[in-house]
Amino acid sequence: MCGIVGYIGAKDAKDILLNGLEKLEYRGYDSAGIYVMSNEQRGHLFKEKGRIAALKDRVDHSVEANAGIGHTRWATHGEPSVRNAHPHQSTSERFTIVHNGVIENYQEVRDAYLEDIELVSDTDTEIIVQLIAWFAEEEGLATLDAFKKAIVALEGSYAIALIDNTNPDIVYAAKNKSPLLLGKGDGFNVICSDAMAMIKETNQFVELMDKEVAIVSKDSLSIENYAGDVIERDHYIAELDSDDLEKGTYPYYMLKEIDEQPAVMRKLVLKYQDENDHLSIDPKIIDTLLASDRVYIIAAGTSYHAGLVGKKLIEEVAQIPTEVHVSSEFGYNTPLLSEKPFFIFISQSGETADSRQVLVKTNEMKLPSLTVTNVAGSTLSRESDFTLLLHAGPEIAVASTKAYTAQIAVLAILAEVAGLKKGTIKESTLIHDLGIVANAMQTLVDDKDRIEELASEYLSISRNAFYIGRGMDYHVSLEAALKLKEISYVQTEGFAAGELKHGTIALIEDGTPVIAIVTEGKVAGHTRGNLQETKARGAHTMVISMDGLNRPDDQIVIPKVNPLLSPLVSVIPTQLLSYFCSLHRGNDVDKPRNLAKSVTVE
Ligand code: M6R
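Note that the structure is predicted; figures quoted are calculated from it, not measured.

1. Observations regarding the sheet that holds strand β23 (residues 513-518)
Okay, so step 1: The strand order across the open sheet formed by five strands is β22-β21-β23-β24-β25, and the pairing between neighbours is parallel. The outermost strands of the open sheet, each flanked by one partner alone, are β22 (491-496) and β25 (556-558). Each adjacent strand pair in this sheet contributes to an overall mean axis angle of 15°, direction not counted.
Okay, so step 2: Sheet analysis places strand β21 (residues 464-469) next to β22, joined by six bridges and oriented parallel. Looking across to β22, one finds that Ala465 is bridged to Thr492.

Laid out in structure tokens, this is it:
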């Protein structure tokens, strides 16, 4: 969701910015733009609605520039259009900025300072750049002071990069709540929303923290707080392989990422193994978890669905009561907490604003927290007490697949290590079980042709669909339904199989696809009965069952695995069904409409 890049140095800024924006495409956007200062010190602004490819066509490639800023915009204030695309400029065109986040008091700021200014866009961002210009041009403040004074007046979230065309040897940056990194190079420096955008240029990054300002030139990079105190911070090395960011021979990242899941399972075992080949987690995390009387899992979307499975694992294996909450609800309607809560934030990106606002509150309450994330150094990781990494490699497709299964696997490892220490389980079986899971996943990803046929038969023309299941199969149904709707736009509900008859069965018509997931022996018969109820009313039914519980006419039979880990395997055919359904409908599988990968606004 929105992305920022900035460059200052000897190379051609234009190309570096455009390449960087391409690397940020996965976050979701609907317009893009760059502003570059040419070697003759002239500013050039290029903006376009739609894809970066369109922006590339719009850019004047004869301009040679060595400083610039760029942006991908996911519309919040104002429709997606060239007018609303970033960068935005002050009326004088002296100041140009790009901005991620949402300014909550933009109307008040406008009323207080900018009543006489004619705005040219509908964005909250234009208010920021006009305010900087107002302080610089009306009050005569130096650029840095005007910048600081403007952002102090803002309420909300922001990551900002600013160029003053009267001093184009500096790019300024600031942030509050929205992520921003500074990258260090030899004779150049960069700014970016995430390291992926600039990993081709450098792997040395410095985090900018909330309420800090960066002053970036080609040879120096300094950080200070709003009071002017200089802040020294070491860089870290981003462990990203730029090859991981390519999709190779795959037509879409989503398919690549589905296929990577068996390898991710095996990698996780290696990453969490100690020198004695036992699964191991930082003892401080385990001790803090075991000292708690209740776990609260906080997450959104797919990560929330992984949390539902995590609850079952933590309760069964480590026997700690666990609640799972949608982060956007929890923050503003917090339930009565137990005496010793332990918070687990699950987030592929580590940047989800809804989850972060809960973490801010739990930190204020000094409650212990663990983030389970794919992105080292992400905001949630930095701001929580502990982090467990997913080691899934970059997930580029908007629809989350390998992060979901990695989240469940990491929670399984956490539960097992805690259970062994607590004595609620006697022996470790997880390394073996995850090996079997990896093999089972491989069988399913190798069976794509069959699943593609099923996608054509069941989902090619339907407008709606249902996934049903009980227990863990219900949790997977929720994830399967989200996956299908987000990339194929088929209205799909994930439903507790037994609940269907209490009203929703009224929606079943001739041909409505209803897919039952059946991996739990104790409820398998009930789920099959519920599926029959829909079939009797015309539904086009499919069964995904586990070997041992299967019946001869089940369409997909997944290999047998430890039932507690069945979601890791039963989800695979549902991911592939979504992928092929989206593909057959001619959708952009990796970049579904209206969605963003990293949801950095509440
Ligand atoms: O980065 P996060 O895991 O915190 O993201 C949460 C959701 O936005 C994300 O899972 C979303 O639901 C995905 N598009 C699902 O495929």
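This is not the end of the story, as more comes after the structure.
2. A look at the packing of helix α9 (residues 301-318) against helix α16 (residues 472-488)
Think of two packed helices as two axes; the pair is described by the angle between the axes and how far apart they sit.
Okay, so step 1: Packing of α9 against α16 brings their axes to within 10 Å, and their N-to-C directions diverge by 170°. In terms of their interaxial angle, α9 and α16 are classed as roughly antiparallel. Mapping the contact onto sequence places Gly301, Thr302, His305, Leu308, Val309 and Lys312 in α9 and Met472, His475, Leu478, Glu479, Leu482 and Lys483 in α16.
Okay, so step 2: Split by residue class, the contact of α9 with α16 holds five nonpolar, four polar and three charged.

3. Looking at the packing of helix α7 (residues 261-271) against helix α14 (residues 430-445)
Okay, so step 1: In the contact formed by α7 and α14, the axes pass within 8 Å of each other and the chain directions differ by 165°. Classified by the angle between their axes, α7 and α14 sit roughly antiparallel to one another. Regarding α7 and α14, the two cross each other, and that crossing is left-handed. Together, Gln261, Pro262, Met265, Arg266 and Val269 of α7 and Ile431, Leu434, Val437, Ala438, Asn439, Met441 and Gln442 of α14 make up the contact between the two elements.
Okay, so step 2: The residue inventory of the contact of α7 with α14, partitioned by class, reads eight nonpolar, three polar and one charged.

4. Quick word on the side chain of Ser582
Okay, so step 1: Here Ser582 is to be found in helix α18 (residues 566-584).
Okay, so step 2: Here the side chain of Ser582 touches Ile487 through a polar contact of 2.9 Å, landing on its backbone oxygen.
Okay, so step 3: With sequence-adjacent residues up to four places away left out, Ser582 is seen in contact with Ile487, Ser488, Asn587 and Val589.

5. A few points about the sheet that holds strand β9 (residues 181-184)
Okay, so step 1: One open sheet holds the eight strands; their spatial order is β3-β2-β4-β1-β10-β9-β11-β15, and the pairing between them is antiparallel. Each edge of the open sheet carries a strand with a single partner, namely β3 (43-49) and β15 (236-237).

6. Things to note about the nonpolar core
Okay, so step 1: Within the largest apolar cluster, 126 residues are counted, with the highest numbers of intra-cluster contacts made by Ile344 and Leu414.
Okay, so step 2: By residue number, the principal contributor to this core is helix α13 (residues 402-422), which donates 13 residues.
Okay, so step 3: Contacts of Ile344, omitting those with residues within four sequence positions, involve Val295, Tyr296, Ile297, Ile298, Ile314, Leu370, Val372, Leu411 and Leu414.
Okay, so step 4: In terms of nonpolar packing, the next biggest core, distinct from the first, is built from 26 residues, Val109, Phe135, Ala146 and Phe147 among them.

7. What to know about the pattern of salt bridges
Okay, so step 1: All chains considered together, the criterion is met by 30 salt bridges.
Okay, so step 2: In this structure, Asp12 engages Lys14 in a salt bridge whose closest nitrogen and oxygen atoms are separated by 2.8 Å.
Okay, so step 3: On the basis of relative accessible area, Lys14 is assigned to the buried category, the value being 3%.
Okay, so step 4: In this structure, Asp122 and Arg83 form a salt bridge, with 2.8 Å as the shortest nitrogen-oxygen distance. Here Arg83 lies in the loop between β4 (65-73) and β5 (88-89) and Asp122 lies in the loop between α3 (106-113) and α4 (125-138), a separation of 39 residues in the sequence.
Okay, so step 5: Judged by relative accessible area, Asp122 falls into the partly exposed class, the value being 36%.
Okay, so step 6: On the accessibility criterion, Arg83 (38% relative accessible area) is partly exposed.

What counts, and at which threshold
- Residues numbered from 1 in each chain as written.
- Predicted model: local features only at pLDDT ≥ 70, side-chain atom pairs only at ≥ 80, totals over all residues.
- Heavy atoms only, no water.
- Pairing = 2+ DSSP bridges.
- Helix = DSSP H or I, 4+ residues; strand = E, 2+ residues; numbered from the N terminus.
- Axes fitted to C-alpha atoms, helices over the stretch in contact; angles between N-to-C directions.
- Parallel < 35°, antiparallel > 145°, perpendicular 65-115°, else oblique.
- Contact = heavy atoms within 4.5 Å.
- Nonpolar A, V, L, I, M, F, W, Y, C, P; charged D, E, K, R; others polar.
- Left-handed = near helix turned anticlockwise from the far one by under 90°.
- Polar contact = N/O pair within 3.5 Å; in protein donor to acceptor, adjacent residues only side chain to side chain.
- Core = buried A, V, L, I, M, F, W, Y, C linked by side-chain atoms within 4.5 Å.
- Buried < 20%, exposed > 50% of the residue type's maximum accessible area, 1.4 Å probe, protein only.
- Salt bridge = Lys/Arg side-chain N within 4 Å of Asp/Glu carboxyl O.

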